[in-house]
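Below, each chain spelled out in residue letters.
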Amino acid sequence: MGRIADSTIKGFMYQFNLSLNEILKSTNEVIKIEGIIEDIDKINGEHITAIQCKYHGEAEKFQWSKVSKPILQMLKTYTNSDESKILFVLYAFFPSEQLGEKAVSKNEINEMLNTKNMEYICDYIAHIKKIENLEIESLVSKERKQKKRKKKLGSISLAMSWKFCVILMISLIIDFVLL
């Protein structure tokens, strides 16, 4: 069994390769790595393509549950955005899957929106659709207040996370190579 870091590093490499591919394919778009919206933002005038990358090297096969969180994140961003000109793309690597596209059906979206996962309900679904269950609305409100309190009370950490350092290094390399 490989080390846990192996999968994380492969995930960074997957995103890095996709980023390089987008840069090389670019004609007149501005490409932002670790963009404002997603992992890769392609900006062409008023149009934005927001690309998220997920690497599931340990997964045996594709499952919608493995990509439900990023899809819910995209739906939340779309719902809360004044910009209706955002195209969302999710690249997901599963070793046993053939290269190709998968369309998300209305049934899969409904399953994701009807999850019982309280984290997903508080963080995403409460922003996407109206919550009609008063008990859940109460929990979501408490969760939001607690998060605000934690943000106010949280200490400032001077240490950068490893992921941020790697991405910063990659950004610097890309800036250096492209200048």
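Note that this is a predicted model, so its numbers are computed, not measured. (Residues numbered from 1 in each chain as written. Predicted model: local features only at pLDDT ≥ 70, side-chain atom pairs only at ≥ 80, totals over all residues. Heavy atoms only, no water.)

**Points about the overall build of the protein**
Within the protein one finds six helices and four strands. Looking at the protein residue by residue over its 179 residues, the buried ones come to 29%. Contacts spanning at least 24 positions in sequence make up 57% of the contacts within the protein whose residues lie at least 6 apart. Carbon together with sulfur atoms contributes 56% to the accessible area of the protein, which is approximately 13,100 Å² in total. (Helix = DSSP H or I, 4+ residues; strand = E, 2+ residues; numbered from the N terminus. Buried < 20%, exposed > 50% of the residue type's maximum accessible area, 1.4 Å probe, protein only. Contact = heavy atoms within 4.5 Å. Areas by Shrake-Rupley, 256 points an atom, 1.4 Å probe, with all protein chains shown as cover.)

**Describing helix α4 (residues 118-128)**
Among the 11 residues of α4, eight are classified as buried, and the element is accordingly described as predominantly covered. If you check which residues of α4 are buried, you get Y120, I121, C122, D123, Y124, I125, A126 and I128. Sitting at the amino-terminal end of α4 is N117, which places a side-chain oxygen 2.9 Å from the backbone nitrogen of E119. (Polar contact = N/O pair within 3.5 Å; in protein donor to acceptor, adjacent residues only side chain to side chain.)

**Structural notes on the layout of surface pockets**
The computed volume of the largest pocket comes to approximately 950 Å³. Taken together, 25 residues make up the lining of the largest pocket; nearest its centre are L90, Y91, G100, E101 and K102. Those elements that place two or more of their residues in the lining of the largest pocket are α1 (4-25), α2 (64-80) and β4 (86-93). Along the lines of polarity and charge, the residues of the lining of the largest pocket split into 20 nonpolar, two polar and three charged. (1 Å grid on protein atoms, 1.4 Å probe; cavity = no way out; pocket = protein on both sides within 12 Å on 5 of 7 lines; lining within 4 Å. Points joined across faces, edges and corners; volume = space filled by probe spheres on them. Nonpolar A, V, L, I, M, F, W, Y, C, P; charged D, E, K, R; others polar.)

**Points about the packing of aromatic side chains**
Under the defined criterion, the tally for this structure stands at seven aromatic pairs. Each ring, one from F62 and one from W64, has its centre 4.9 Å from the other, and the planes form 85°; the classification is edge-to-face. Residue classification places W64 among the partly exposed positions, given a relative accessible area of 22%. Consider the rings of F62 and F94, whose centres lie 5.2 Å apart with planes at 80°: the pair is edge-to-face. Of this pair, F62 sits in the loop between β3 (47-55) and α2 while F94 is found in the loop between β4 and α3 (106-113), placing the two residues 32 residues apart along the sequence. Through a chain of ring-to-ring contacts, three or more aromatic side chains come together here, namely Y14, Y55 and F93. We note K102 situated over the ring of F62; from NZ or CZ to the ring centre the distance is 5.0 Å. (Phe/Tyr/Trp six-rings, centres within 6.5 Å; stacked < 30°, edge-to-face > 60°. Lys NZ or Arg CZ within 6 Å of the ring centre and 35° of its normal.)

**Some remarks on the nonpolar core**
If you look at the biggest cluster of nonpolar residues, it comprises 13 residues, and the most contacted ones within it are L72 and I125. Residue assignment for this core shows that the elements contributing at least two residues are α2, α3 and α4. Among the elements that take part in this core, α4 stands out by supplying five residues, more than any other. Once residues lying within four places of it in the same chain are set aside, the contact partners of L72 are M112, L113, Y120, Y124, I125 and I128. Among the nonpolar cores identified, the runner-up in size contains eight residues, and L18, I23, I33 and C53 belong to it. (Core = buried A, V, L, I, M, F, W, Y, C linked by side-chain atoms within 4.5 Å.)

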